[in-house]
Amino acid sequence: MHRNILIILILSLNIDSNTLMEPTSLSKDLYQEIILDGNYIDTIDRPDKFLDFDYGTRVATPEQITSALLAWSKQTDRLKFVEYARTHENRPLHAVFISTPENLNNLDEIQEKVTKLSDARTTNDRTAKTIIDELPAIAWMAYSIHGNETSGADAALGIIYHLIASKDKDVEDMLGEMIVIIDPLMNPDGRARFAKNLEQYRGTAPNYDDQSLIHTGDWPYGRTNHYYFDLNRDWVYLTQPETQGRVKLINKWRPQILVDAHEMGPQDTFMTGPAREPINKNVDYDLVKWGNVFAQDQGNEFDRRNWRFYTGEWHEDLYPGYSFYVQFRGTLGILYEQSRMAEDGVRRPEGTIQSYEESVHHQFISTLVNLKTLQKISKDMYKDYWDGRKYNVSNNSKYSDRSYVILPTKNKGRLNVLANKLIAQDIELYQNDKPINVANVIKQNGLVENEYIIPAGSMIIPNKQPEAPTIAAILEFDAEIDDAVLIEEKQKRIKNGSSIMYDTTAFNFTMMFGLPAVTVPQNLSKNLTKWKPSEEVLDVKKDSVIWAVDGMDDRSVAFAARLLEQDIQVRIIDKESSLSGQTLSRGSVAVLPMDNPKASDLYVTVKSVASDLNLSVASIDSGFGPEELPDWGGRHFRLLKKPQIAILSHSGFSSYDVGVTWWSLDHHLGIRHSQLNSSFTAYGDLRRYNTIIIPSGSPDMNDYAKKMLIDWVKQGGTLISNNSSTRSIISSDDIGSVKNLNTTFNETESYNIDLMREIYSLDEIVDITDANINKINLDITYPWESSDISYDTKQLEMRDKWQSLLMPSGSIVAARTDSDHWLTFGSEDIVPVLYGNNPILMTDGNSEAVLRIGELIPNEDIQTNRTINWSQIPAGYDMNVRMSGLVWPEASQRIANSAYLTREKIGKGQIIMFAGEPNFRAAARGTNRLFLNAVIYGPGLGTDMLVTP
Ligand SMILES: [Zn+2]
C-alpha cells in the first residue's frame, strides 16, 4: 500500500517537472481520421504496442518495425518473413510475405510456376494458360528507400497489421487470391540517421516550418545509406548490399507490380501514375496501359476523400537504375511521391497545416487501393506478361538480331565484376573459343566496321533471351529518345538552361566500366560455350627473385596498397615488360625479396594478399628483360611509397561524392584512411598524410586553411580534387597553372600551340626528308597555319555563352589518354568518361593533360587543320566527342580538347584534378581506376617526398 502511494507520487512529480520537456506532436490533434479502421483480431498486437507514441503520428524506428515483425510472425499464420540482406550498419532488411496459410505453405511451388511462365523457350501456350489460371496475384510493396522519406514505412507497418489482423471479408478474399510481399523499409541506416535528427532537433512546441532542422536534418542527411549512396539509383549497378539482396529476391519472385513509396518536397501534394516521356523504349508499353488503370482507381479514391494529387509532370523514366528496372522484366512499377511532413506537420501556402498522420494515411490508402486493383486485373496482366515473355525470345522482336560483345581483356577483375552484375539480372553470358567473322559491327565510338573479326575469348551476349529488354537497356550504346522530347529539351536549355531530364542520359555498362565492346547486328548463337571466369594462378614460388601481378587488372592496385600498408616495399614496372617468359603490362606491381630483407616469409604475405583478391601472381626467376624491355635494376622498376590518406568531408561537400570516395577506398582497396572534417585543414596536423582527397563540393574553407593545404602540397603532398572542388582550385590565382576555359580566351593561340606539341609529338608519320639539308628552308608551314579560321576573344566569349547553356547532364564522352603516364595504368587508349556541367580544364606547358576530351579518328581526306573554338583538329583527323547520352554538338565543341584529368607538380608535391566525379555511383569503373592510381601511386611516382612521414 505504502509502496503504491510512493510510486504514484513519483509519477506525478515526473509529469509536473517534465511537462515543458515533453516532445510535443500535435499530429493526432490535427488529423481526425482513423487509419486503422477495420475489425481486427484481438490476439494480434496493434502497432502501438511496439511504439512509444500513437501509430502514424510519429516516425517508427527500424528497431521498432523489426520487433513488430518478430512478434506478429508468432501471432498469425498469415505472415512469413525473410531477412534478405544486412545493411553496412548491420541492420536487417526484411521481405514480409502475407497471404492465406495455404498459399504461404506453397510458396516454393508458386515461385516455380512464376519462373516457368517467364521462359517462353521451354514453356508453351497451353502450360502457360494453366499456370495463369492457378497463380495467385503477386505484389511487391516497398517503402522509404530514401531514409528521410519516412511516411511510407509507417504506412507499411499499418498495412501489415491491417492485412494479418483484419476480420473483414474483402481482406480475407484478397489474401486468398494474392501474395502480398512487403518490404517495409528499404534503407534502415538512412532512416535511423534521420530518426536521430528528429530526436535531436525536437523542441517543446511543434514546428511546422519546413525549413527548420527538424524537417531537413543534418549533412549527410537521411536520404542515403551508410556510404551516402542513393539506393534508388543502384538497382542495376548493384553496388550496395541492400540492393544486391533485394534485387535477388525480386528477380526470383517476378511480382506483377512493384510499388516504390517515396516522399517529395513538403509544399507539394501527392504524385503517382505512369511516367511521362522520356520513357526508356525497352519498357513494354502494355505496362503503361495497366499503369493508367491503377492510377485511375487510386485517383478516384483520393477524389472521394478530398485529397489532392497529380500524375506525370516531372516523373520520367529513361534511367534504368531506378526501382523501375523491374519494368524491363515485365513488372509494372508504381511510384508514390507524398509531400514530406516530418513529424509535426507542415504549414502550407493555403495557411492550413498538414499532419504527418495524414501523409501516412495517403500511403496506406494508396497501397490498399492498388492491391484491390491488382486483385481485379491480375489474370489479364499475366496474359500480357506471357505475351511479353514470348516476344523477348521470338524471331520477330526488335531484339532478335543483335548481340553485344565485350572484347577480351587482361583486366579480369573488372570483367568479372561486370559479369556478376549481368548474371544477377538473369542474363545469359557466352564465350567463343574461336574467332568469328561478322559484318557491320558498331563500335563504342559510333563507327561502323563492315568486316570485323570477333577475337576468341570475347564475352558474347545475344540480345534474344528471356531478359532481352534488360540486356538492351544496359548494353545498347544509346537509349532512344523521341524527337519531341529532344525539341522540348533544347528549347528549355536555350531559354534558361533548365532540363527535362531527371537523371543521367547515359548508362551503358561497358562504357561505364571502360571495357571495349561492339554491337553485332545479328543473333550470335553458334559455336558458343557458357561464359566462365578465367582461372587465377594463386601459387607463389618461394625462391623467386620477383613476384608480379599484371597492371591491367584493377586488383593490382589493391595488391600494392595492401602490401604497402604492411610496410612491404613495392615497385611499379612503368613500361610493358617480359621477364622469365611472362609478359607484364605497363603498371604491373612487383615485389622483390631484395627490397625487403627484413620481411620474413615475404612469399607467404604475397600469397595471402593475392588470394584475398583472387589475383594471379607471376613468380619470376630472372630480372633480365630481353632487348629494350625493362630489367629489374633499371629506371622502369620504380619504388612506391606507402600512402597515408585523408578524405576531406562534411558540410559543403557533395555527400554522394564523399560517400563514393570513402566506399572506393574501403571496397576497392580495403585499406586504412581517415575522413577529416575539412575545417581541420586550418589547425590539424597535415603531416600525418601524404595524400589528401577533396571530393566535389563547395566547402567553407578560409584563406588560411587553403594556405595550409598548399604549403602541405609544396612539402610533398599529393592533393586530388573532383568536379566542383577542382573548379574552386582553378579559380584561385595562386594555386597551380590549370585554368577554367572562360578565363583563357585572350591566350588562345598559346594554348593551341601547347596542344599541337602534344598531338604532333605522338604522330607516327614524321617528315624527315629535310633533316640533312644545309640551306635554310623558307617554305615551312607550321601545324596551326593551315587553318584559315581563328576566333578573336569577343567571338569566343559569345560562343561560350551560348554553348554553356547546352552542357550535358550525365552523358558519356570520349577521352584520349596519355598512354605513357602512370595515372593511366590499366586504361585503354580511349576512356569513356561521364560528363556533366563540369569545370573545363585548360593546361599549358606547366601542367599535364593526362586525359583530354575527344578521340582523334584518322581521315586521310582532310588536308588542313580545322579550328573548333580555341583549338584545332590536326590535318588527317576527325574528332569524336559524344559516345552515349545527350551531348549537344555545341557542347561537344566547347569541351573538345579540354582536359578531363590534369596533374601538376607544385614544389615537391603535386595536384591531380578530375573535371568530373571519377567514382560516380561506384559504377564508373573506368575512371575509378585513374582515381585509384592517383591515390596509391601518387606519393611514389609523382612527388619528391623521399621519406614517408
Ligand atoms: Zn525518394
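Structure: see above.
Residues numbered from 1 in each chain as written. Predicted model: local features only at pLDDT ≥ 70, side-chain atom pairs only at ≥ 80, totals over all residues. Heavy atoms only, no water.

Engineer: When you look at the overall build of the protein in this model, what are you seeing that I'm missing?
Structural biologist: A tally of regular secondary structure across the protein gives 27 helices and 40 strands. Since a compact globule built from 949 residues should have a radius of gyration of about 30 Å, the 31 Å found for the protein is in line with a globular shape. Here the protein holds 949 residues, and the buried ones make up 60% of them. Within the protein, contacts between residues separated by at least 24 positions form 80% of all contacts whose residues are at least 6 apart in sequence. Total accessible area computed for the protein in this model is approximately 39,500 Å², and 50% of it derives from carbon and sulfur atoms. (Helix = DSSP H or I, 4+ residues; strand = E, 2+ residues; numbered from the N terminus. Rg over C-alpha atoms; globule rule 2.2 N^0.38 Å. Buried < 20%, exposed > 50% of the residue type's maximum accessible area, 1.4 Å probe, protein only. Contact = heavy atoms within 4.5 Å. Areas by Shrake-Rupley, 256 points an atom, 1.4 Å probe, with all protein chains shown as cover.)

Engineer: Sorry if this is basic, but what is going on with the coordination of the zinc ion here?
Structural biologist: In a perfect tetrahedron of four donors around a metal, the angles come out at 109.5 degrees. In a perfect octahedron of six, they are 90 or 180 degrees. With distances of 2.0 to 2.6 Å, the protein atoms coordinating the zinc ion are His146 (ND1), Glu149 (OE), Glu149 (OE) and His262 (ND1). Considering all 4 donor atoms around the zinc ion, angles at the metal cover 55 to 153° and the coordination shape is irregular. Motif for the zinc ion, donor spacing along one chain: H-x2-E-x112-H. Taking relative accessible area as the criterion, His146 reaches 2% and is therefore assigned buried. (Donors = N, O, S within 2.8 Å, 3.2 Å for Na, K, Ca; no water. Tetrahedral: all angles 85-135°; square planar, octahedral: opposite > 155°, others 65-115°.)

Engineer: It is not clear to me how the nonpolar core should be interpreted in this structure. Could you clarify?
Structural biologist: With 158 residues, the main nonpolar core has Trp72, Met141, Leu163, Ile182, Ile257 and Ile461 as its most contacted residues. Here this core takes 13 residues from helix α13 (residues 356–392), the largest share from any one element. Excluding anything up to four places from it in sequence, Ile257 contacts Ile138, Ala139, Trp140, Met141, Phe294, Thr331, Leu332, Ile334, Asn370, Leu374 and Met381. (Core = buried A, V, L, I, M, F, W, Y, C linked by side-chain atoms within 4.5 Å.)

Engineer: Please explain helix α9 (residues 188–201) as it appears in this structure.
Structural biologist: Since the α-helix advances by 3.6 residues per turn, residues separated by three or four positions end up pointing in the same direction. In a regular helix each residue adds 1.5 Å, so 14 residues correspond to 20 Å; α9 covers 20 Å between its end C-alpha atoms and thus fits that length. Summarising burial for α9: 10 of the 14 residues are buried, a large majority. For α9, the elements touching its buried residues are α3 (62–75), β2 (92–98), α7 (151–165), α10 (213–216) and α11 (241–253). (Expected span 1.5 Å × (residues − 1).)

Engineer: For this particular structure, what's the right way to read the packing of helix α12 (residues 285–304) against α13?
Structural biologist: Packed helix pairs are specified by the crossing angle of their axes together with the interaxial distance, meaning the distance between the axes. Running from N to C, α12 and α13 point in directions that differ by 145°, and their axes come no closer than 9 Å. Considering only the axes of α12 and α13, their crossing is right-handed. Contacts between α12 and α13 involve Asp286, Lys289, Trp290, Val293, Phe294, Asp297, Gln298, Glu301 and Phe302 from the former and His362, Ile365, Ser366, Val369, Asn370, Thr373, Leu374, Lys376, Ile377, Asp380, Met381 and Asp384 from the latter. Considered class by class, the residues forming the contact of α12 with α13 number 9 nonpolar, 5 polar and 7 charged. (Axes fitted to C-alpha atoms, helices over the stretch in contact; angles between N-to-C directions. Left-handed = near helix turned anticlockwise from the far one by under 90°. Nonpolar A, V, L, I, M, F, W, Y, C, P; charged D, E, K, R; others polar.)

Engineer: Sorry if this is basic, but what is going on with the pattern of salt bridges here?
Structural biologist: Close approach of charged atoms allows side chains with opposite charge to pair. In total, this model carries 64 salt bridges according to the counting rule given. Close ionic contact of Asp503 with Arg233 constitutes a salt bridge, the shortest N to O distance being 2.6 Å. Within this pair, whereas Asp503 is found in the loop between α16 (483–496) and α17 (509–512), its partner Arg233 is found in the loop between α10 and α11, the two being separated by 270 residues in sequence. As far as the burial class goes, Asp503 and Arg233 line up, both buried. Salt bridges here are not isolated pairs; linked through shared partners, they connect Glu149, Arg223, Asp230, Arg233, Asp503 and Arg921. (Salt bridge = Lys/Arg side-chain N within 4 Å of Asp/Glu carboxyl O.)

Engineer: Any chance you could explain the sheet that holds strand β11 (residues 403–406) here in plain terms?
Structural biologist: Either a parallel or an antiparallel arrangement is found when strands of a sheet pair, and the pairing is made through backbone hydrogen bonds. Pairing is antiparallel across the open sheet formed by 7 strands, whose spatial order is β14-β13-β16-β11-β15-β12-β17. The open sheet has two free edges, formed respectively by β14 (448–454) and β17 (528–530), since each of these has just one partner strand. Each adjacent strand pair in this sheet contributes to an overall mean axis angle of 40°, direction not counted. In this sheet, strand β16 (residues 517–520) lies alongside strand β13 (residues 436–443) in antiparallel orientation, the contact comprising 2 bridges. Note on β16: the bridge partner recorded for Lys443 is Val518. (Pairing = 2+ DSSP bridges.)

Engineer: Just checking my understanding: could you explain the environment of Arg555 for this structure?
Structural biologist: Its place among the elements puts Arg555 in helix α18 (residues 555–565). The buried category is assigned to Arg555, whose relative accessible area is 15%. Each C-alpha atom, one on Arg555 and one on Leu669, is 8.0 Å from the other, the two residues being 114 residues apart in sequence. Setting aside anything within four residues of it in sequence, one finds Arg555 in contact with Lys412, Gly413, Glu536, Leu613, Asn614 and Leu615.

Engineer: Just to check I follow, could you spell out the packing of aromatic side chains for this structure?
Structural biologist: Geometry of an aromatic ring pair is reported as the spacing of the ring centres plus the angle between the planes. Going through the model one piece at a time under the given rule, you end up with 25 aromatic pairs. When the centroid spacing of 5.8 Å and the interplanar angle of 45° are considered together, the rings of Phe270 and Tyr336 count as tilted. You can see Phe270 sitting in strand β6 (residues 270–272) and its partner Tyr336 sitting in strand β8 (residues 332–339), a full 66 residues away along the chain. The class of Phe270 is buried, set by a relative accessible area of 0%. The buried category is assigned to Tyr336, whose relative accessible area is 0%. Their ring planes at 70° and their centres at 5.2 Å tell us that Tyr319 and Tyr322 sit as a pair that is edge-to-face. We classify Tyr319 as buried; its relative accessible area is 2%. Accessibility expressed as a relative area gives 6% for Tyr322, which makes it buried. (Phe/Tyr/Trp six-rings, centres within 6.5 Å; stacked < 30°, edge-to-face > 60°.)

Engineer: Where do I start with the packing of α7 against α13 in this structure?
Structural biologist: At their nearest, the axes of α7 and α13 sit 8 Å apart, and the two run at 55° to each other. Here α7 lies oblique to α13, going by the angle between them. Between α7 and α13 the crossing geometry is right-handed. Of α13, the residues touching α7 (which contributes Ser151, Gly152, Asp154, Ala155, Gly158, Ile159, His162 and Leu163) are Tyr356, Ser359, Val360, Gln363, Phe364, Thr367, Leu368 and Leu371. Among the residues forming the contact of α7 with α13, the class breakdown is 8 nonpolar, 7 polar and 1 charged. (Parallel < 35°, antiparallel > 145°, perpendicular 65-115°, else oblique.)

Engineer: Looking at this structure, how should I read the environment of Gly413?
Structural biologist: Mapped onto the elements, Gly413 comes out in helix α14 (residues 412–424). Overall, the relative accessible area of 9% leaves Gly413 in the buried class. Measuring from C-alpha to C-alpha, the distance between Gly413 and Val591 comes to 20 Å, with 178 residues separating the pair along the chain. Residues in contact with Gly413, not counting those within four places in the same chain, are Asp553 and Arg555.

Engineer: I tried to follow the pairing of strand β31 (residues 830–835) on my own but got confused; where do I start?
Structural biologist: As a general feature of sheets, a regular strand has side chains that alternate between the two faces. Most of β31 is tucked away, with 5 of its 6 residues classed as buried. Relative to β31, strand β30 (residues 811–817) runs antiparallel, the two sharing 6 bridges. Residue pairing for β31: Ala815 is matched across the bridge by Val831.

Engineer: Please clarify how a nonpolar patch on the surface should be interpreted in this entry.
Structural biologist: A cluster of nonpolar side chains, Ile753, Ile780, Tyr782 and Trp784, forms an exposed patch at the surface whose accessible area comes to about 340 Å². One can find Ile753 in helix α24 (residues 748–760). Note on Ile753: relative accessible area 30%, which makes it partly exposed. (Patch = residues over 30% accessible without salt bridge, like charges linked within 9 Å, V, L, I, M, F, W, Y side chains within 5 Å.)

Engineer: What is the right way to look at the side chain of Glu489 in this model?
Structural biologist: Tracing the sequence through the fold places Glu489 in helix α16. The residues contacting Glu489, other than those within four sequence positions of it, are Ser498, Ser499, Ile500, Met501, Leu886 and Trp888.

Engineer: For this particular structure, what's the right way to read the side chain of Asn187?
Structural biologist: Turning to its location among the elements, Asn187 is positioned in the loop between β4 (178–183) and α9. Its relative accessible area of 0% is what places Asn187 among the buried residues. Within the local environment of Asn187, its side chain forms a polar contact with the backbone nitrogen of Gly190, the two atoms lying 3.0 Å apart. In this structure the side chain of Asn187 is engaged in a polar contact, spanning 3.0 Å, whose partner is the backbone oxygen of Arg223. (Polar contact = N/O pair within 3.5 Å; in protein donor to acceptor, adjacent residues only side chain to side chain.)

Engineer: Would you take a moment to explain the sheet that holds strand β3 (residues 137–143) for this structure?
Structural biologist: What the 8 strands build is an open sheet, ordered β1-β2-β4-β3-β5-β8-β6-β7; its pairing is mixed. Pairing within the sheet leaves two strands with one partner each, and these edge strands are β1 (79–86) and β7 (310–311). Here 3 bridges tie β2 to β4, and the two strands are oriented antiparallel to one another. When the bridges of β4 are listed, Ile98 appears paired with Val180. Sitting on the sheet, α7 is in contact with β1, β2, β3, β4, β5 (257–264) and β8, with an inclination near 145° to β4.

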